[in-house]
Amino acid sequence: MTLKLNRRTLLRGLGGAAVGLPLLDCMSSDGGVARAQDAGPPKRYAILFAGQGIGGDGWERDRNMIAGERFQESGHFIVPAETGENYTLTTPLQPLRELRADFSVVSGLNIPFSRTSTEAADVPAGGAFRDFHGGGAGPLLCGTRSQSASFTCRSITSDQVLARMHTGKTAVPSLVLRAQPSWYLSGSSYAGRNYISYGEGGTRIESQPSPQIAYRALFTGFAPDDEAERARFDFNQRARRSVLDLVTGKRQGLLGRVGAADRVRLERHFDEIRELELRLGAVDPMTGSCSLPGDPGADPAVGGDNAGSGSDSIGTNTGYSDEQARGRAMTDLVYMAFVCDLTRVATLQLTTFQSHMNVFQLTSELGTPIRADLHEVGHNGDQNNRGQLPVSLCLQWHIAHYAYLLQRLKSTPEAGATLLDNSVIVFMPEAGHGTQLNDATSRFQTHSVEDMVLLVAGRAGGLRPGRHIAAAGAHPAQCLLTCMQAAGSSATQLGEVSGTLGALLA
Amino acid sequence: MIARSNGRWSWIAVAVASHALLAGCTSDAEGDAPGGEDGSAGVFTGGNGAGPGGNGQTAGGLPGAVSGRGGATGASGATGQGGPAAFESVARRLSRTELNNVLADVLGDSTNPANQFLLEDEYAPYDNDYTLQSASQALIDGLNAFAEDVARRALADPARRAALVPCSPTGPGDASCFRQVIESVGAKLLRRPLADAEVERYLTLQAFATEDNPHVDNDFYTAVELFFRAVLQDPEFLYRIEVGEPTANPGISVLNSHEVASRLSFLIAGSTPDATLLAEARSNALLDAPSRRAQAERLLGTERARDQLHRYHAMWLGYRAIPHPANLTRDFDTETTHAIDRVVFDESRSYLELFTLPETYLTASLAKHYGLPAPANGSGWVAYPADSGRAGILSHGSVLSAFSKFSDTSPTQRGILVRTRLLCLEVVPPPASVNVDEPPGDVESTCKVERYAAHRELASCASCHAGLDPIGLGLEQYDMAGRFRTHDDGNPECVLDGAGELPGYGAFSGPGELGARLVASGVLDACSVQQYVSFAIGRRPTADEAPHLEAALERFRASDHDFSSLVLDFVSDPAFVLRREPVRP
């Protein structure tokens, strides 16, 4: 699709990403009010999530097995041997080699848990219920202790705190995306593993798994410049509004007829439509300051999906839906949404918690075919490929998407610096590699909330990247809180956790 | 409480706490995989004892403590007992498959567009569980794109357009022709006739057809397309909203005839009411049980009904998406659907024979795959050799693939499948201190059976795994593609003896004997009823609803387990036209 900028916006003087003129207050969609208050370009915040651990189950950090051959070799486990600036890049971090100065590795993060009790009542503040996957999710994302093994947050997540801060300033409050579109296992369901963004009080925010729909949702309001195209665009936007008006016009009548339970269900539905309507109006015509990205086209087929009674359309891509292409398309969307200031907050779940995505294809492309799903890799599920290196290869695949986003942000000038300089971009794996959460005894375990790692990139708010910081038992939420403050939040707590990691700024 | 063959069994909802599913202490990371069945257990009646093998009964099972999921089914014990038998219900959003079927039937769209645009339904294990549905921005964005795409393509194809527009428009402003489209297609999509005021509102879209705009290529069909888009995003299309009329019993309404038509059609055909059913609805006939039964019988004769029951079984038994090449899964599909069709539709046999059929439908390549005798003419029914160990649906590669991993079978997961889906027993989650997918025993143990022995040695594991692993171990000689084997894959020294036990019901070896044990248990039929009712009402039944299930089971048994009768009796029951308003806590 050819990009045609809205002439009116062009006249306002913004050249956008490619040109890199200073950002003018008049260009912001709020007419500059907010910009005048906190001078400088807006601060962006994103989390890219990997539904896997960082180490092999029961394997020490230097133990590996590839193609049935065991060997002892350091440098594959994600955490570098040295701290500070001159650390040796580990296998998972390889995609970031050109970006060393732009991100920090924060290691040694711990979520607390009771070593003596498995009772919900004994979970410490900000801590994890003693059952790994579900118990670890809440405190990691929102800093509030979990009380069960269910995948849930009991308070708002970091990204949504920032989304609330930016309310009304952008067309989209936050972009919540997921690259893995299917749970893949035939006998069960996500049951909460597909959420990393939660609103106030722990309300789940559904992620959009379709690059195509995310693209349409973000960019339908972009007004073309050409007169004829502009006329068609206006016609279509009016038509779209009329259609939605007909739908929402039924609201009162319908809600008045139905029972109390249905009123709640349907009100929610109508409320969400109203959000869509607001978005239609918000983008046009103020946001023309950026380039319309190419349409990602139809989504790659969902592997393992099937139309009939059984698996009649399963192909060799079983358990894999080209998450490579989907992840790439979605990082592009996050990037362009940031460039265009359509939103300032994004989360992207590359893979879901406890992901059962088949890694055969993507590890084959990395030269080491692993016959297992992502969750099994951490638990040594491939008889011939175990230990750190297989886990690190999968982690490297996730981090490649993170690196791609950083690279794009870095190559985009903004307000005398780069877009990456005005951002905080976090990479978050699901698990650490320490004491097993369930038995509180076994070491080097995938099911652990000890020795967790976060990557933090960008320079917003005085962040000073480029180092390996051993956080010595800090809570991951303290790292996130530091990032939130760097992104402009005045929050002093995330859930039950307070305190920041000064080392990220020092 | 109906006396069971063993006199001790009680109704128990299939429920598993959160993700744990007892895979604890298990092997090869089959672990905590299946996780859809979250929520707390509901014991249907105050059960009078533990299930076979000392398992299955949840503590308490107090009425009112049933469903913890989303609050949508919060029937309380007190109010739930009052009045006539009626299932609690709310507006159910159409599943992706239901939407696909509706669009195929009404708009001639065979592209399964819902799969492309809408979020994957949660399978727990059925895709129509309304307690797991909630509106979100991701849903609304998907629906918006879905409606635009479906409407555009419906009119871009001349043949389909001609079928949808029953008149020749005289020009872009032909209001009479537009009205005809609105009334005909609108009634099909909204499943009821449109009121005049509604038609008038849609007619306003004609302004987009008549607008004189040199840059826009608009015509009569522009308005039709916008009308389709509006209806396809209408909550009355997307949800089955039931209002009905209040009855003398507080909280209980009687549905109107069109609402009944939808219930009937979506249950049996998985799609919107057809023209005949809509005509019946207009005459108010469907509130009478005999008319309803006659319509249900008619629908059971359609291909849609077969598809629906095939899908139901695939979700129930967990083989709806299995990790094999397309040609093999197609052969499995053919095999299993032939068995279902034969037992349920074509020969009306006892439903229990689905688990004991001494023969199976094979293609030549599937016969070769299994190592079974080839069918006579390319494909056909083949009697299992006496020593094959096979009989019934549990011998099929489809079911044997279910609850496996990408790489191998999982005795624990197969045990869970049998226990939760076929016995409707709960699997108690492991103690929290158990790592739910730590490989059992020494990870270096060569043989899988030896690794699983660790489950029996550790007391904390044994208490639960004793109810699971022996089931799976009895199926271990059948690999995850249903082939017979005598040792671990690639490990001839790891001999598999195939000895298993259905705890509480005796030893078995192989899927044939397991099927026989299940039939003899006297529980399989009760569990089948519970599963089907869960599918029908879009959630697990609550404790208060146990009497409906018991009545259905009695009728099922009286019919010699004729599955069509189960369906027909269910829709003929007075409860089918009633709705109980949920009592929210």
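Refer to the structure above for everything that follows.
Being a predicted model, the structure only gives us computed values, none of them experimental. Numbers given for residues are sequential positions, taken from 1 along each chain in its written order. By the order in which they are written, chains take letters starting at A while ligands take numbers starting at 1. For a predicted model such as this one, the threshold for reporting local features is a pLDDT of at least 70, and the threshold for listing and counting side-chain atom pairs is 80 or more; totals across whole chains, interfaces and linings nevertheless cover every residue. Water and hydrogen atoms were dropped before computing side-chain values, which therefore reflect all heavy atoms in the structure.

Looking at the interface of chain B and chain A
Thinking step 1. Tallying the contact residues gives 103 residues for chain B and 93 residues for chain A.
Thinking step 2. Roughly 7800 Å² of surface becomes buried between chain B and chain A when both sides are summed, with 52% attributable to carbon and sulfur atoms.
Thinking step 3. Note on definitions: salt bridges are taken to be side-chain nitrogens of Lys or Arg within 4 Å of carboxyl oxygens of Asp or Glu. K250(A) serves as the salt-bridge partner of D234(B), at 2.5 Å between the closest nitrogen and oxygen.
Thinking step 4. In protein, a polar contact means a hydrogen-donor-capable atom and an acceptor-capable atom, both N or O and within 3.5 Å, with residues adjacent in sequence counting only if both atoms are side-chain atoms; elsewhere, any N or O pair within 3.5 Å suffices. At the junction of chain B and chain A, the tally comes to 22 residue pairs in polar contact (both at pLDDT 80 or more).
Thinking step 5. Every element with two or more residues in the side of chain B that touches chain A is listed here: β1 (92-93), α3 (113-117), α4 (137-156), α7 (196-203), α9 (220-232), α10 (235-238), α14 (303-316) and α15 (326-346) of chain B.
Thinking step 6. A helix here means a DSSP run of H or I that spans at least four residues, while a strand means a run of E at least two residues long, and both kinds are numbered starting from the N terminus. Among the elements that line the side of chain B that touches chain A, the one with the most residues is α4(B), at 10 residues.
Thinking step 7. Under the convention adopted here, Pro, Cys and the residues Ala, Val, Leu, Ile, Met, Phe, Trp and Tyr are nonpolar, Asp, Glu, Lys and Arg are charged, and Gly plus all remaining residues are polar. Along the lines of polarity and charge, the residues of the side of chain B that touches chain A split into 43 nonpolar, 27 polar and 33 charged. Contacts were defined at the residue level, with two residues in contact if any of their heavy atoms lie within 4.5 Å. In this description, buried area is defined as the sum, over both parts, of the accessible area (probe of 1.4 Å) that is lost when the two are combined.

Digging into the nonpolar core
Side chains of nonpolar character tend, in soluble globular proteins, to be buried together.
Residue and element names in this part refer to chain B.
Thinking step 1. By size, the foremost hydrophobic cluster in this structure holds 88 residues, and its most contacted members are I268 and F563.
Thinking step 2. Looking at this core, the element that brings in the most residues is helix α23 (residues 524-537), giving eight residues.
Thinking step 3. Residues grouped as a nonpolar core are buried Ala, Val, Leu, Ile, Met, Phe, Trp, Tyr and Cys residues, joined through side-chain atoms within 4.5 Å. Only protein chains enter the accessibility calculation, which uses a 1.4 Å probe. A residue is then buried if its area is under 20% of the maximum for its type, exposed if over 50%, and partly exposed in between. L94, L164, Y221 and A223 belong to the second largest nonpolar core, which has 71 residues in total.

Here we look at unusual backbone geometry
Thinking step 1. Following A124(B), the chain continues to P125(B) via a peptide bond in cis, the omega torsion being -5°.
Thinking step 2. One non-glycine residue, Y184(A), lies in the positive phi region at around 80°.
Thinking step 3. Within the secondary structure, Y184(A) sits in the loop between β5 (175-178) and α5 (211-219).
Thinking step 4. On the basis of relative accessible area, Y184(A) is assigned to the buried category, the value being 10%.
Thinking step 5. You will see that A415(A), though not glycine, has its phi angle at about 50°, which is positive.
Thinking step 6. Topologically, A415(A) is positioned in the loop between β8 (413-414) and β9 (417-418).
Thinking step 7. On the basis of relative accessibility, which here comes to 36%, the residue A415(A) falls in the partly exposed class.

Considering the sheet that holds strand β11 (residues 578-580) of chain B
Residue and element names in this part refer to chain B.
Thinking step 1. If you walk across this open sheet you meet the three strands as β3-β4-β11, and the pairing is antiparallel. This sheet does not close on itself; its edge strands, each paired only once, are β3 (245-246) and β11.
Thinking step 2. As paired strands, strand β4 (residues 252-254) and β11 are joined by three bridges and run antiparallel to one another. The partner of S253 across the bridge, within β11, is R579. Strand pairing follows a simple DSSP-based rule, namely that at least 2 bridges must link the two strands.

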